[in-house]
Amino acid sequence: MDDARAVMTGIGSCLPPDVVSNDELSRSLDTSHEWIHSRTGISRRHVVKPGVSTGDLATAAGAAALESAGRRACDLVLLATTTPDQPCPATAPQVAARLGCAGVPAFDLSAVCSGFVYGLETASALIRSGLYGSVLLIGAETYSTIVDPTDRNTAVLFGDGAGAVVLERGEAGTPGAVLHTRLGSDGTEAGLIAVPGGGSRAPRPDPHGPPSYFRMEGKEVYARAVSTMTRSAREVAEEAGWRPQDVDAFVGHQANARILRAVARRLGLPAERVVCHMGEVGNTAAASIPLALGWAASRGTLTAGDRVLLTAFGGGLTWGSAAMTWPGALRPVTAVEPAPPAV
Ligand code: UT7
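Scoring rules and cut-offs
- Residues numbered from 1 in each chain as written.
- Predicted model: local features only at pLDDT ≥ 70, side-chain atom pairs only at ≥ 80, totals over all residues.
- Heavy atoms only, no water.
- Near = heavy atom within 4 Å.
- Polar contact = N/O pair within 3.5 Å; in protein donor to acceptor, adjacent residues only side chain to side chain.
- Areas by Shrake-Rupley, 256 points an atom, 1.4 Å probe, with all protein chains shown as cover.
- Helix = DSSP H or I, 4+ residues; strand = E, 2+ residues; numbered from the N terminus.
- Core = buried A, V, L, I, M, F, W, Y, C linked by side-chain atoms within 4.5 Å.
- Buried < 20%, exposed > 50% of the residue type's maximum accessible area, 1.4 Å probe, protein only.
- Domains from an automatic or database assignment.
- Patch = residues over 30% accessible without salt bridge, like charges linked within 9 Å, V, L, I, M, F, W, Y side chains within 5 Å.
- Salt bridge = Lys/Arg side-chain N within 4 Å of Asp/Glu carboxyl O.
- Lys, Arg positive; Asp, Glu negative; His and termini not counted.
- Charge placed at Lys NZ, Arg CZ, Asp CG, Glu CD.
- Contact = heavy atoms within 4.5 Å.
- Buried area = accessible area lost by both parts, 1.4 Å probe.

1. Notes on the site of the ligand
Logical step 1: Lining the immediate environment of the ligand, one finds 22 residues, of which T31, R39, K219, N256 and N283 sit closest.
Logical step 2: Between R152 and the ligand, the recorded distance is 3.0 Å, taken from a backbone N or O atom to a nitrogen atom.
Logical step 3: Between K219 and the ligand, the recorded distance is 2.6 Å, taken from a side-chain N or O atom to an oxygen atom.
Logical step 4: The fraction of the free accessible surface of the ligand (970 Å²) that becomes covered by protein chains is 75%.
Logical step 5: Of all elements in the fold, only α2 (33–40), α6 (152–155), α7 (218–239) and α8 (257–267) reach the threshold of two or more residues within the shell around the ligand.
Logical step 6: Looking at the shell around the ligand, the element that brings in the most residues is α7, giving four residues.

Take a look at the structure:
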C-alpha cells in the first residue's frame, strides 16, 4: 500500500471553438487589451455557444482522456466543477453515461478553482486504498454562464473549457505517479469569491431584481493566493523530498500570470519553469490545471520523470498542491466541442 500510487496514463481537453479577444470585450466594457493583459497575462478566452453545457465539454474532454490512455472505460468518474448543468442531479452520472460508463460510480466535486487538485487527492486516495483501479478525473467549467457580462472586474478574467486525466494504479517510481497531495480550506472568507443566490440560503432571487452573478474581491484574493499557494506548494514539495528550486515544471491555477510569477519567485523557481497557459484561455477554474498540463504536454516540453508541482487556490476559500512526476509516452488528445444532447 505504501508504494502504491495513482499514475496518470491519459490526458484530454476540450475548448469551445468560439474565441473572444480582449479587444472584442473592450467594445462593450470600459476596459482595454493593455489593462487586461498587463494585469493578468490573459489575451483571449473560449466561450460556449448558448445551449452548450459544462457536461457537454466534460464528456468531450473525458472521451479524449480515455482515448489518450487507450481505455474504453474507468471504474469511477469524478467531475470537478463550479458550474454544473443543474443544481440537481449531479452532472457526473450523465457524463459517465454519455461516455459509455453507465453503472460506475460518478459524482461532482465542488471546490471552485481548487477542484482539480481536490479531485486528484480524492482519486489518488481511492486508488491507493485498492477500492478502484482506474479513475477518470475531469475539470470542466462554463463561467460564461455565471459571470456578469457588464462587470469589468470579472467578465474579462474567465473562460470556458474542460480538461481530463485518467489515473490508474501503479507505484511511486512509475513516471506519472502522484507522489504527495495536500489540501486546505478557510470558510471564514467564503464571501471573497461567491455566487450569492440560487442555493438554499437564497433559493429564488427576486425575478424582478438583479440576477445573481459570480462575484470576486480580486485584490483580497490576489494577496491570499500568493501567500497560500507559496506555503502549500513548498509543503508538498518538501513532503516529496524535493527542493522547490529543483522542480522541472510549476503548474499553478491559471488565474493570473503575475500571481504565478510571484509564487515562483518566493519558491526560488526560475520563471521559465512556470507554465502559463492563461493567455489563450483565461481563468477556467477547475479546468485550468488539466488544460495547462495538456497544453504543456502537447508542446513537448515535459519529459518522462520530470518533477511537476501543481498548486491551486480559489473560492471556499480552498487550496491544494500536488507533487507528481511526468508520465512517459503520454499522448494528449484534444476534442472538438460536441453538440448538446438531443432533448
Ligand atoms: O480564480 C480564483 C482565484 N482568483 C484569483 O486568483 C484572482 C486574483 N485577483 C487578481 O488576479 C487581480 O486582483 C485582478 C486581475 C482581479 C485585478 O488586478 P489588480 O492589479 O489587483 O487591480 P485592482 O483591483 O487594484 O484594480 C485597479 C483598478 C481599479 O480602479 P481604481 O479603483 O484604481 O480607480 C479597478 O476599478 O483597475 C480597475 N479595473 C479595471 N480597469 C480596466 C478593474 N477591472 C478593470 C478592467 N479594465 N477590466
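What follows picks up the thread again.
2. Here we look at the nonpolar core
Logical step 1: The biggest cluster of nonpolar side chains holds 48 residues, and the ones touching the most others in it are Y143, F250 and L309.
Logical step 2: Those elements giving two or more residues to this core turn out to be α7, α8, β12 (307–314) and β13 (318–325).
Logical step 3: If you count residues domain by domain, this core takes at least three from each of domain 1 (4–176 + 331–335) and domain 2 (179–325).
Logical step 4: Ranked by size, the runner-up nonpolar core spans 35 residues in total, among them A123, Y132, I289 and L330.

3. Thoughts on a positive patch on the surface
Logical step 1: Positive charge collects at one region of the surface, where R39, K219, R258, R261, R265 and R266 lie side by side.
Logical step 2: In terms of residues, the positive patch owes the most to one element, α8, which gives four residues.
Logical step 3: Following the sequence through the fold, R39 ends up in helix α2.
Logical step 4: Residue class for R39 comes out partly exposed when judged on its relative accessible area of 40%.

4. A word on the domain arrangement of the chain
Logical step 1: Domain assignment breaks the chain into domain 1 (4–176 + 331–335) and domain 2 (179–325).
Logical step 2: Taking only C-alpha atoms, the centre of domain 1 and the centre of domain 2 are 14 Å apart.
Logical step 3: Every contact between the two is made by 50 residues of domain 1 and, on the other side, 47 residues of domain 2.
Logical step 4: In this assembly, domain 1 packs against domain 2 so that about 3700 Å² is buried in total across both faces, 67% of it on carbon and sulfur atoms.
Logical step 5: Interface area lost by domain 1 to domain 2 is led by C113, V117 and Y118, which between them contribute 16%.
Logical step 6: In this structure, the connection of domain 1 to domain 2 is made through one salt bridge.

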